[in-house]
Amino acid sequence: METVTLTESQKKARRGRNIALGAVLLGLVVLFYIVTLVKFSGGMVG
Amino acid sequence: MAVIEHHETIPGGGEVYLSEASPRDFFELLKPRVMSLVVFTALAGLVVAPGTINPFIGAIAILCIAVGAGASGALNMWYDADIDAVMTRTAKRPIPSGRIRPQEALAFGLTLSAFSVAILGLVVNWLSAGLLAFTIFFYAVIYTMWLKRSTPQNIVIGGAAGAFPPMIGWACVTGGVSIESVVLFLITFLWTPAHFWALALFKMRDYDAVGVPMLPNVAGEATTKVQILVYAVLTAAIAVVPSVLGFASLGYGLFAAALGLGFVWYSVGVLRMPEGDRAMVPAKKLFAFSIVYLFAVFSGLMLDHLIASFGWVL
(Lines give C-alpha, C1' and ligand atoms only; values in the text may rest on other atoms or scores of the structure.)
Protein backbone atom coordinates (compact mmCIF):
# COMPACT_ATOMS: atom_id res chain seq x y z
CA MET A 1 0.00 0.00 0.00
CA GLU A 2 1.38 3.41 -1.01
CA THR A 3 1.36 5.79 1.91
CA VAL A 4 2.48 9.30 2.70
CA THR A 5 4.77 9.81 5.65
CA LEU A 6 4.62 13.20 7.29
CA THR A 7 7.94 14.88 7.94
CA GLU A 8 8.72 16.24 11.38
CA SER A 9 8.09 19.82 10.24
CA GLN A 10 4.74 18.83 8.72
CA LYS A 11 3.73 17.11 11.95
CA LYS A 12 4.80 20.10 14.00
CA ALA A 13 2.94 22.53 11.73
CA ARG A 14 -0.23 20.45 11.81
CA ARG A 15 -0.10 20.14 15.58
CA GLY A 16 0.29 23.90 15.84
CA ARG A 17 -2.67 24.50 13.52
CA ASN A 18 -4.83 22.05 15.47
CA ILE A 19 -4.00 23.71 18.78
CA ALA A 20 -4.69 27.17 17.33
CA LEU A 21 -8.02 26.05 15.88
CA GLY A 22 -8.97 24.41 19.18
CA ALA A 23 -8.11 27.62 21.04
CA VAL A 24 -10.24 29.66 18.62
CA LEU A 25 -13.21 27.31 19.04
CA LEU A 26 -12.86 27.38 22.82
CA GLY A 27 -12.63 31.18 22.68
CA LEU A 28 -15.86 31.33 20.66
CA VAL A 29 -17.64 29.11 23.21
CA VAL A 30 -16.55 31.38 26.06
CA LEU A 31 -17.42 34.47 24.02
CA PHE A 32 -20.97 33.32 23.27
CA TYR A 33 -21.46 32.19 26.86
CA ILE A 34 -20.52 35.59 28.28
CA VAL A 35 -22.48 37.44 25.56
CA THR A 36 -25.55 35.44 26.57
CA LEU A 37 -25.04 36.42 30.22
CA VAL A 38 -24.58 40.08 29.26
CA LYS A 39 -27.62 40.15 26.99
CA PHE A 40 -29.85 38.30 29.47
CA SER A 41 -28.85 40.64 32.27
CA GLY A 42 -29.81 43.63 30.13
CA GLY A 43 -26.25 44.80 29.66
CA MET A 44 -25.69 45.20 33.39
CA VAL A 45 -22.82 42.68 33.61
CA GLY A 46 -19.44 44.36 33.73
CA MET B 1 -0.47 12.83 21.83
CA ALA B 2 -0.99 10.45 18.96
CA VAL B 3 -0.05 11.78 15.60
CA ILE B 4 -1.18 10.07 12.42
CA GLU B 5 1.90 8.68 10.78
CA HIS B 6 0.49 7.78 7.41
CA HIS B 7 -2.14 8.86 4.98
CA GLU B 8 -4.32 6.50 2.99
CA THR B 9 -3.26 5.69 -0.54
CA ILE B 10 -4.02 8.54 -2.87
CA PRO B 11 -6.25 7.33 -5.71
CA GLY B 12 -4.47 7.84 -8.99
CA GLY B 13 -1.15 8.25 -7.22
CA GLY B 14 -1.14 12.05 -7.67
CA GLU B 15 1.07 14.39 -5.71
CA VAL B 16 -0.13 15.16 -2.22
CA TYR B 17 0.10 18.67 -0.81
CA LEU B 18 0.89 18.64 2.86
CA SER B 19 0.90 22.08 4.39
CA GLU B 20 3.74 23.21 6.59
CA ALA B 21 1.97 26.45 7.40
CA SER B 22 2.11 27.35 11.08
CA PRO B 23 -0.45 29.43 12.97
CA ARG B 24 2.10 32.26 12.82
CA ASP B 25 1.96 32.18 8.99
CA PHE B 26 -1.82 32.53 9.08
CA PHE B 27 -1.49 35.34 11.61
CA GLU B 28 0.88 37.08 9.19
CA LEU B 29 -1.85 36.97 6.53
CA LEU B 30 -3.86 39.31 8.76
CA LYS B 31 -1.28 42.13 8.34
CA PRO B 32 -0.85 42.60 12.11
CA ARG B 33 0.77 46.03 11.83
CA VAL B 34 -2.10 47.43 9.79
CA MET B 35 -4.45 45.69 12.20
CA SER B 36 -2.93 47.49 15.17
CA LEU B 37 -3.74 50.83 13.53
CA VAL B 38 -7.28 49.66 12.80
CA VAL B 39 -7.77 48.49 16.39
CA PHE B 40 -6.51 51.77 17.71
CA THR B 41 -8.66 54.02 15.50
CA ALA B 42 -11.74 51.82 16.04
CA LEU B 43 -11.17 52.06 19.79
CA ALA B 44 -10.98 55.83 19.44
CA GLY B 45 -14.36 55.86 17.67
CA LEU B 46 -15.80 53.67 20.41
CA VAL B 47 -14.42 55.82 23.23
CA VAL B 48 -15.21 59.23 21.75
CA ALA B 49 -18.79 58.35 20.73
CA PRO B 50 -21.52 59.74 22.97
CA GLY B 51 -23.23 57.11 25.08
CA THR B 52 -21.97 53.95 26.69
CA ILE B 53 -21.36 50.37 25.70
CA ASN B 54 -20.89 47.37 27.95
CA PRO B 55 -17.08 46.91 28.20
CA PHE B 56 -17.30 43.26 27.20
CA ILE B 57 -19.51 44.03 24.20
CA GLY B 58 -17.10 46.85 23.31
CA ALA B 59 -14.16 44.43 23.45
CA ILE B 60 -15.99 42.02 21.13
CA ALA B 61 -16.72 44.91 18.77
CA ILE B 62 -13.02 45.79 18.60
CA LEU B 63 -12.12 42.11 18.13
CA CYS B 64 -14.60 41.78 15.24
CA ILE B 65 -13.33 44.96 13.57
CA ALA B 66 -9.74 43.72 13.97
CA VAL B 67 -10.56 40.28 12.55
CA GLY B 68 -12.55 41.85 9.69
CA ALA B 69 -9.58 44.09 8.86
CA GLY B 70 -7.28 41.08 9.06
CA ALA B 71 -9.59 39.13 6.75
CA SER B 72 -9.42 41.87 4.14
CA GLY B 73 -5.62 41.75 4.51
CA ALA B 74 -5.66 38.00 3.81
CA LEU B 75 -7.86 38.52 0.75
CA ASN B 76 -5.48 41.26 -0.42
CA MET B 77 -2.50 38.91 -0.05
CA TRP B 78 -4.39 36.18 -1.93
CA TYR B 79 -5.10 38.45 -4.89
CA ASP B 80 -1.76 40.27 -4.91
CA ALA B 81 0.51 37.23 -4.50
CA ASP B 82 1.88 37.69 -8.04
CA ILE B 83 3.13 41.23 -7.46
CA ASP B 84 4.07 40.59 -3.82
CA ALA B 85 6.56 37.99 -5.07
CA VAL B 86 8.42 40.66 -7.08
CA MET B 87 8.55 43.52 -4.56
CA THR B 88 11.28 43.40 -1.90
CA ARG B 89 8.93 44.76 0.80
CA THR B 90 6.42 41.93 0.28
CA ALA B 91 8.42 38.99 -1.12
CA LYS B 92 8.64 37.29 2.26
CA ARG B 93 4.88 37.25 2.81
CA PRO B 94 3.40 33.77 3.43
CA ILE B 95 2.06 33.16 -0.11
CA PRO B 96 5.00 34.33 -2.27
CA SER B 97 7.42 32.53 0.05
CA GLY B 98 5.41 29.31 -0.43
CA ARG B 99 4.40 28.79 3.20
CA ILE B 100 0.69 29.16 2.46
CA ARG B 101 -1.14 28.32 -0.75
CA PRO B 102 -3.37 30.98 -2.35
CA GLN B 103 -6.49 28.81 -1.90
CA GLU B 104 -5.78 28.52 1.82
CA ALA B 105 -5.47 32.30 2.13
CA LEU B 106 -8.70 32.83 0.18
CA ALA B 107 -10.63 30.37 2.35
CA PHE B 108 -9.11 31.87 5.51
CA GLY B 109 -10.01 35.43 4.44
CA LEU B 110 -13.58 34.57 3.45
CA THR B 111 -14.21 32.57 6.63
CA LEU B 112 -12.92 35.32 8.90
CA SER B 113 -14.90 37.95 6.95
CA ALA B 114 -18.15 36.02 7.41
CA PHE B 115 -17.51 35.30 11.10
CA SER B 116 -16.44 38.84 12.01
CA VAL B 117 -19.44 40.47 10.28
CA ALA B 118 -21.96 37.94 11.62
CA ILE B 119 -20.70 38.16 15.22
CA LEU B 120 -20.56 41.97 15.15
CA GLY B 121 -24.14 42.04 13.83
CA LEU B 122 -25.47 39.51 16.33
CA VAL B 123 -23.66 40.90 19.36
CA VAL B 124 -23.52 44.67 18.71
CA ASN B 125 -25.72 46.00 15.91
CA TRP B 126 -26.28 45.44 12.20
CA LEU B 127 -25.32 48.95 11.09
CA SER B 128 -21.77 48.49 12.36
CA ALA B 129 -21.74 44.97 10.86
CA GLY B 130 -22.88 46.41 7.52
CA LEU B 131 -20.13 49.04 7.67
CA LEU B 132 -17.56 46.33 8.46
CA ALA B 133 -18.79 44.19 5.54
CA PHE B 134 -18.60 47.21 3.24
CA THR B 135 -15.06 47.98 4.49
CA ILE B 136 -13.89 44.43 3.73
CA PHE B 137 -15.56 44.57 0.29
CA PHE B 138 -14.09 48.00 -0.41
CA TYR B 139 -10.54 46.94 0.46
CA ALA B 140 -10.59 43.50 -1.14
CA VAL B 141 -12.62 44.23 -4.27
CA ILE B 142 -12.69 47.98 -4.99
CA TYR B 143 -9.11 48.73 -3.92
CA THR B 144 -7.17 45.47 -4.38
CA MET B 145 -8.86 44.02 -7.45
CA TRP B 146 -9.82 47.20 -9.25
CA LEU B 147 -8.16 50.50 -8.27
CA LYS B 148 -4.69 49.36 -7.23
CA ARG B 149 -3.60 48.24 -10.69
CA SER B 150 -5.61 50.74 -12.72
CA THR B 151 -5.18 54.29 -11.37
CA PRO B 152 -2.51 56.36 -9.59
CA GLN B 153 -5.34 57.64 -7.38
CA ASN B 154 -5.62 54.06 -6.02
CA ILE B 155 -4.51 54.96 -2.54
CA VAL B 156 -6.65 58.11 -2.35
CA ILE B 157 -9.91 56.26 -2.97
CA GLY B 158 -8.76 52.96 -1.48
CA GLY B 159 -7.70 54.77 1.68
CA ALA B 160 -11.38 54.90 2.60
CA ALA B 161 -11.15 51.25 3.65
CA GLY B 162 -8.59 52.09 6.31
CA ALA B 163 -10.59 55.11 7.41
CA PHE B 164 -13.85 53.33 8.24
CA PRO B 165 -12.84 51.68 11.58
CA PRO B 166 -13.41 54.76 13.81
CA MET B 167 -16.78 55.21 12.09
CA ILE B 168 -17.60 51.55 12.82
CA GLY B 169 -16.53 52.01 16.45
CA TRP B 170 -18.79 55.07 16.67
CA ALA B 171 -21.69 53.13 15.10
CA CYS B 172 -21.19 50.32 17.66
CA VAL B 173 -22.02 52.74 20.47
CA THR B 174 -24.57 55.06 18.86
CA GLY B 175 -26.14 52.75 16.27
CA GLY B 176 -25.81 55.53 13.71
CA VAL B 177 -23.54 57.66 11.53
CA SER B 178 -23.14 61.37 12.27
CA ILE B 179 -21.05 64.36 11.21
CA GLU B 180 -18.63 63.64 14.09
CA SER B 181 -17.97 60.10 12.87
CA VAL B 182 -17.52 61.43 9.33
CA VAL B 183 -14.83 63.78 10.68
CA LEU B 184 -13.08 60.81 12.36
CA PHE B 185 -13.28 59.01 9.00
CA LEU B 186 -11.82 62.03 7.17
CA ILE B 187 -8.79 62.26 9.47
CA THR B 188 -7.51 58.83 8.36
CA PHE B 189 -8.85 59.23 4.83
CA LEU B 190 -6.92 62.46 4.19
CA TRP B 191 -3.85 61.20 6.06
CA THR B 192 -3.47 58.04 3.94
CA PRO B 193 -2.20 59.60 0.66
CA ALA B 194 0.62 61.57 2.34
CA HIS B 195 1.57 58.52 4.41
CA PHE B 196 1.51 56.08 1.51
CA TRP B 197 3.07 58.32 -1.14
CA ALA B 198 6.01 58.97 1.21
CA LEU B 199 6.53 55.20 1.20
CA ALA B 200 5.92 55.01 -2.55
CA LEU B 201 8.64 57.61 -3.16
CA PHE B 202 11.40 55.49 -1.64
CA LYS B 203 9.89 52.21 -2.91
CA MET B 204 9.19 53.63 -6.38
CA ARG B 205 11.33 51.10 -8.22
CA ASP B 206 9.45 48.23 -6.57
CA TYR B 207 6.08 49.51 -7.76
CA ASP B 208 7.53 50.25 -11.19
CA ALA B 209 8.79 46.66 -11.49
CA VAL B 210 5.32 45.20 -10.97
CA GLY B 211 3.42 47.79 -13.02
CA VAL B 212 1.36 49.18 -10.13
CA PRO B 213 0.57 52.80 -11.11
CA MET B 214 1.63 54.59 -7.93
CA LEU B 215 1.67 58.37 -8.24
CA PRO B 216 5.51 58.79 -8.25
CA ASN B 217 5.85 56.36 -11.19
CA VAL B 218 3.01 57.85 -13.21
CA ALA B 219 3.05 61.58 -12.44
CA GLY B 220 6.66 61.90 -11.30
CA GLU B 221 8.40 62.82 -8.08
CA ALA B 222 7.67 66.57 -8.28
CA THR B 223 3.89 66.16 -8.59
CA THR B 224 3.88 63.56 -5.80
CA LYS B 225 5.74 65.88 -3.44
CA VAL B 226 3.22 68.69 -4.06
CA GLN B 227 0.30 66.27 -3.58
CA ILE B 228 1.84 65.02 -0.32
CA LEU B 229 2.00 68.58 0.97
CA VAL B 230 -1.60 69.29 -0.08
CA TYR B 231 -2.90 66.21 1.74
CA ALA B 232 -0.74 66.94 4.79
CA VAL B 233 -2.29 70.43 5.02
CA LEU B 234 -5.81 68.98 4.60
CA THR B 235 -5.08 66.36 7.28
CA ALA B 236 -3.74 68.96 9.69
CA ALA B 237 -6.88 71.06 9.12
CA ILE B 238 -9.43 68.26 9.54
CA ALA B 239 -7.71 66.96 12.69
CA VAL B 240 -8.56 70.26 14.41
CA VAL B 241 -12.26 70.09 13.43
CA PRO B 242 -13.34 67.91 16.43
CA SER B 243 -12.43 70.88 18.59
CA VAL B 244 -14.32 73.29 16.30
CA LEU B 245 -17.42 71.07 16.30
CA GLY B 246 -17.29 70.79 20.07
CA PHE B 247 -16.76 67.08 20.56
CA ALA B 248 -13.18 67.72 21.68
CA SER B 249 -11.73 70.47 23.86
CA LEU B 250 -9.61 73.46 22.92
CA GLY B 251 -6.67 71.65 24.50
CA TYR B 252 -7.07 68.84 22.00
CA GLY B 253 -7.37 71.39 19.19
CA LEU B 254 -4.05 72.99 20.13
CA PHE B 255 -2.41 69.57 20.45
CA ALA B 256 -3.74 68.50 17.01
CA ALA B 257 -2.66 71.81 15.48
CA ALA B 258 0.90 71.34 16.79
CA LEU B 259 1.01 67.81 15.42
CA GLY B 260 -0.40 69.06 12.13
CA LEU B 261 2.35 71.66 11.89
CA GLY B 262 4.86 68.84 12.36
CA PHE B 263 3.18 66.81 9.62
CA VAL B 264 3.27 69.80 7.23
CA TRP B 265 6.86 70.55 8.25
CA TYR B 266 8.02 67.04 7.30
CA SER B 267 6.04 67.29 4.04
CA VAL B 268 7.82 70.54 3.19
CA GLY B 269 11.06 68.64 3.83
CA VAL B 270 9.97 66.11 1.20
CA LEU B 271 9.04 68.94 -1.19
CA ARG B 272 12.55 70.35 -0.85
CA MET B 273 14.16 66.96 -1.43
CA PRO B 274 16.34 67.13 -4.59
CA GLU B 275 14.94 65.32 -7.64
CA GLY B 276 16.51 61.88 -7.98
CA ASP B 277 17.73 61.78 -4.36
CA ARG B 278 18.34 58.06 -3.87
CA ALA B 279 18.59 58.07 -0.07
CA MET B 280 15.21 59.88 0.26
CA VAL B 281 15.78 60.54 3.96
CA PRO B 282 13.04 63.23 4.21
CA ALA B 283 10.48 60.81 2.68
CA LYS B 284 11.48 58.12 5.19
CA LYS B 285 11.22 60.64 8.03
CA LEU B 286 7.77 61.73 6.86
CA PHE B 287 6.63 58.11 6.62
CA ALA B 288 7.79 57.41 10.19
CA PHE B 289 6.29 60.65 11.52
CA SER B 290 2.97 60.01 9.77
CA ILE B 291 2.47 56.83 11.81
CA VAL B 292 3.29 58.64 15.06
CA TYR B 293 0.99 61.48 13.97
CA LEU B 294 -2.09 59.32 13.49
CA PHE B 295 -1.56 57.44 16.75
CA ALA B 296 -1.04 60.74 18.57
CA VAL B 297 -4.15 62.40 17.11
CA PHE B 298 -6.43 59.51 18.06
CA SER B 299 -4.71 59.16 21.46
CA GLY B 300 -5.33 62.86 22.00
CA LEU B 301 -9.01 62.47 21.13
CA MET B 302 -9.43 59.56 23.54
CA LEU B 303 -7.50 61.24 26.35
CA ASP B 304 -9.48 64.43 25.86
CA HIS B 305 -12.74 62.52 26.06
CA LEU B 306 -11.64 60.66 29.21
CA ILE B 307 -10.56 63.91 30.86
CA ALA B 308 -13.94 65.46 30.01
CA SER B 309 -15.76 62.35 31.28
CA PHE B 310 -14.04 62.51 34.65
CA GLY B 311 -14.59 66.24 34.87
CA TRP B 312 -10.90 67.05 35.06
CA VAL B 313 -9.77 70.51 34.04
CA LEU B 314 -6.44 70.99 32.35
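Above this note sits the structure.
The text that follows walks through the structure, step by step, so that each part is easy to find. All values reported here derive from a predicted model rather than from experimental measurement. (Residues numbered from 1 in each chain as written. Chains lettered and ligands numbered in written order. Predicted model: local features only at pLDDT ≥ 70, side-chain atom pairs only at ≥ 80, totals over all residues. Heavy atoms only, no water.)

### Points about the pattern of salt bridges
All names here are of chain B.
Then, number 1: The full count for this structure, using the stated rule, is eight salt bridges over all chains.
Then, number 2: In this structure, D25 engages R99 in a salt bridge whose closest nitrogen and oxygen atoms are separated by 2.7 Å. Residue D25 is located in helix α1 (residues 23-29), and its partner R99 is located in the loop between α4 (81-84) and α5 (102-123); the two are separated by 74 residues in the primary sequence.
Then, number 3: For R99, a relative accessible area of 25% translates into the label partly exposed.
Then, number 4: In this structure, K225 engages E221 in a salt bridge whose closest nitrogen and oxygen atoms are separated by 3.6 Å. Highlighted residues: K225 and E221, both in helix α11 (residues 221-238), separated by four residues, approximately one helical turn.
Then, number 5: Its relative accessible area of 3% is what places K225 among the buried residues.
Then, number 6: According to the relative accessible area criterion, E221 is buried, its value standing at 9%.
Then, number 7: Among the ionic contacts, a cluster of salt bridges with common partners joins D80, D82, K148 and R149. (Salt bridge = Lys/Arg side-chain N within 4 Å of Asp/Glu carboxyl O. Helix = DSSP H or I, 4+ residues; strand = E, 2+ residues; numbered from the N terminus. Buried < 20%, exposed > 50% of the residue type's maximum accessible area, 1.4 Å probe, protein only.)

### Concerning the nonpolar core
All names here are of chain B.
Then, number 1: Core analysis: the biggest nonpolar cluster contains 94 residues, and L120 and W197 have the highest contact counts within it.
Then, number 2: By residue number, the principal contributor to this core is helix α8 (residues 179-202), which donates 14 residues.
Then, number 3: Other than its neighbours up to four places away in sequence, W197 contacts P152, I155, V156, M214, L215, P216, T224, Q227, I228 and Y231. (Core = buried A, V, L, I, M, F, W, Y, C linked by side-chain atoms within 4.5 Å. Contact = heavy atoms within 4.5 Å.)

### Some thoughts on the side chain of B:D80
All names here are of chain B.
Then, number 1: Examined against the element boundaries, D80 turns out to sit in the loop between α3 (55-79) and α4.
Then, number 2: Of the polar contacts made by the side chain of D80, one reaches the side chain of R149; its length is 2.8 Å.
Then, number 3: Excluding residues that lie within four positions of it along the chain, D80 makes contacts with T144, K148 and R149. (Polar contact = N/O pair within 3.5 Å; in protein donor to acceptor, adjacent residues only side chain to side chain.)

### Let's talk about the packing of α3(B) against α5(B)
All names here are of chain B.
Then, number 1: At a closest axis distance of 8 Å, the pairing of α3 and α5 adopts a crossing angle of 155 degrees. Between α3 and α5, the interaxial angle falls into the category roughly antiparallel. Crossing of α3 against α5: the hand is left-handed. On the side of α3, the interface is formed by I57, I60, A61, C64, V67, G68, A71, A74, L75 and W78, while α5 contributes P102, A105, L106, F108, G109, L110, L112, S113, S116, I119, L120 and V123.
Then, number 2: Residues belonging to the contact of α3 with α5 are distributed by class as follows: 18 nonpolar, four polar and no charged. (Axes fitted to C-alpha atoms, helices over the stretch in contact; angles between N-to-C directions. Parallel < 35°, antiparallel > 145°, perpendicular 65-115°, else oblique. Left-handed = near helix turned anticlockwise from the far one by under 90°. Nonpolar A, V, L, I, M, F, W, Y, C, P; charged D, E, K, R; others polar.)

### A short note on a nonpolar patch on the surface
Residues and elements named next belong to chain B.
Then, number 1: Where nonpolar side chains cluster on the molecular surface, the patch consists of Y79, F134, F137, V141, M145 and W146 and spans about 550 Å² of accessible area.
Then, number 2: Counting residues per element, the nonpolar patch draws most heavily on helix α6 (residues 126-147), at five residues.
Then, number 3: The topology assignment puts V141 in helix α6.
Then, number 4: On the basis of relative accessible area, V141 is assigned to the partly exposed category, the value being 31%. (Patch = residues over 30% accessible without salt bridge, like charges linked within 9 Å, V, L, I, M, F, W, Y side chains within 5 Å. Areas by Shrake-Rupley, 256 points an atom, 1.4 Å probe, with all protein chains shown as cover.)

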